[in-house]
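Notes for the structure review
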Amino acid sequence: TPIYFANYGVYAKKYDSIDALPDGATVAIANDISNVDRSLQLLAQHGVIKLKDKTEPYWTVKDVIENPKNFKFEEVDLLMLARMYDDADAVVMTPAYAAPLGLTPKRDALLTEGVENEFAITLVAREDNKNDKKIKKLAEAMTSSEVKQFLEENYAETAIPAFK
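Every residue gets a number counted from 1 within its own chain, in the order that chain's sequence is written. It should be noted that, the model being predicted, local features are given only for residues of pLDDT at least 70 and side-chain atom pairs only at 80 or more, the latter also being counted only at that level, while totals for whole chains, interfaces and linings use all residues. Water and hydrogen atoms were dropped before computing side-chain values, which therefore reflect all heavy atoms in the structure.

Pairing between strands is defined by DSSP: at least two bridges between the two strands are required. Secondary structure elements follow DSSP: runs of H or I no shorter than four residues count as helices, runs of E no shorter than two count as strands, and numbering proceeds from the N terminus. Overall, mixed pairing links the five strands, which are arranged β6-β3-β7-β2-β8 in an open sheet. Two strands lie at the open edges of the sheet, namely β6 (72-76) and β8 (111-112), each paired on one side alone. Packing against the sheet, helix α1 (residues 33-45) makes contact with β2 (9-11), β3 (26-30), β6, β7 (90-93) and β8, and its axis sits at approximately 135 degrees to β3. Residue contacts follow a heavy-atom distance rule, with two residues in contact if any of their heavy atoms lie within 4.5 Å. An axis is simply a line fitted to the C-alpha atoms; with a helix, the fit covers only the stretch in contact. Between two such axes, the angle follows the N-to-C directions and lies from 0 to 180 degrees.

This brings us to the sheet that holds strand β10 (residues 159-161). Spatially, the three strands line up as an open sheet ordered β9-β1-β10, and their pairing is antiparallel. Each edge of the sheet is formed by a strand with only one pairing partner; in this case those strands are β9 (121-122) and β10. Sheet analysis places strand β1 (residues 2-6) next to β10, joined by three bridges and oriented antiparallel. Across the sheet, residue Tyr4 finds its bridge partner in β10, namely Pro161. With respect to the sheet, helix α6 (residues 145-154) is in contact with β1 and β10, its orientation differing from that of β10 by roughly 155 degrees.

Right, let's talk about the pairing of β1 for a bit. Where β1 meets β9, two bridges bridge the pair, whose relative direction is antiparallel. Bridge pairing in β9 places Tyr4 opposite Ile121.

Right, let's talk about unusual backbone geometry for a bit. Within the chain, Asn70 stands out as a residue other than glycine whose phi angle is a positive 50 degrees. Inspection of the secondary structure puts Asn70 in the loop between β5 (64-66) and β6. Under the scheme applied here, a residue whose accessible area is under 20% of the maximum for its type counts as buried, over 50% as exposed, and between as partly exposed, the area being computed with a 1.4 Å probe on protein chains only. A relative accessible area of 43% places Asn70 in the partly exposed class.

Its place among the elements puts Glu140 in helix α5 (residues 133-142). On the basis of relative accessibility, which here comes to 61%, the residue Glu140 falls in the exposed class. Taking C-alpha positions, Glu140 is 9.0 Å from Thr1, a pair spaced 139 residues apart along the chain.

As used here, the term nonpolar core means buried Ala, Val, Leu, Ile, Met, Phe, Trp, Tyr and Cys residues forming a set that is joined through side-chain atoms within 4.5 Å. By size, the foremost hydrophobic cluster in this structure holds 23 residues, and its most contacted members are Val10, Leu40, Ile49 and Phe73. Contributing elements (two or more residues each) for this core: β3, α1 and β7. Setting aside anything within four residues of it in sequence, one finds Phe73 in contact with Val27, Ile29, Leu40, Leu43, Ile49, Val61, Val64 and Asn67. Listed in part, the 13 residues of the second largest apolar core include Ala28, Val76, Met84 and Ala88.

Below, the structure is given as structure tokens:
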């Protein structure tokens, strides 16, 4: 059961828009395959790059077929993303890594992912207990109007409810 989206964003210390990034700018992205995929999808969603049709489970930088501003993608360890904020022209990261820098997606990101993606934080159950009454009750509680209100009131800058 999808619960919320941790609003992924593109951050830049020296630039106030994605268009202001110079030709050949360095864009830091996490080097694990799911975050490479997610970072590239975010950029493609906003027309910054174009990706070839997906034929494998994950996109990689080799799948970028159009890159009008010749961005250089620097893949770094996930834990290094916040440190790259000072060194790279832009960094693609989750709110958890942006927050220690005092950054939030809605206020500071040049681009955000929003809800048009497949990366919701999700309640998952094992195959053998997915229909258990307790699991069903937990899913119901986690997608209640109270939880939605809690997310909107306390995490509006970083989390978007993934349910109606």
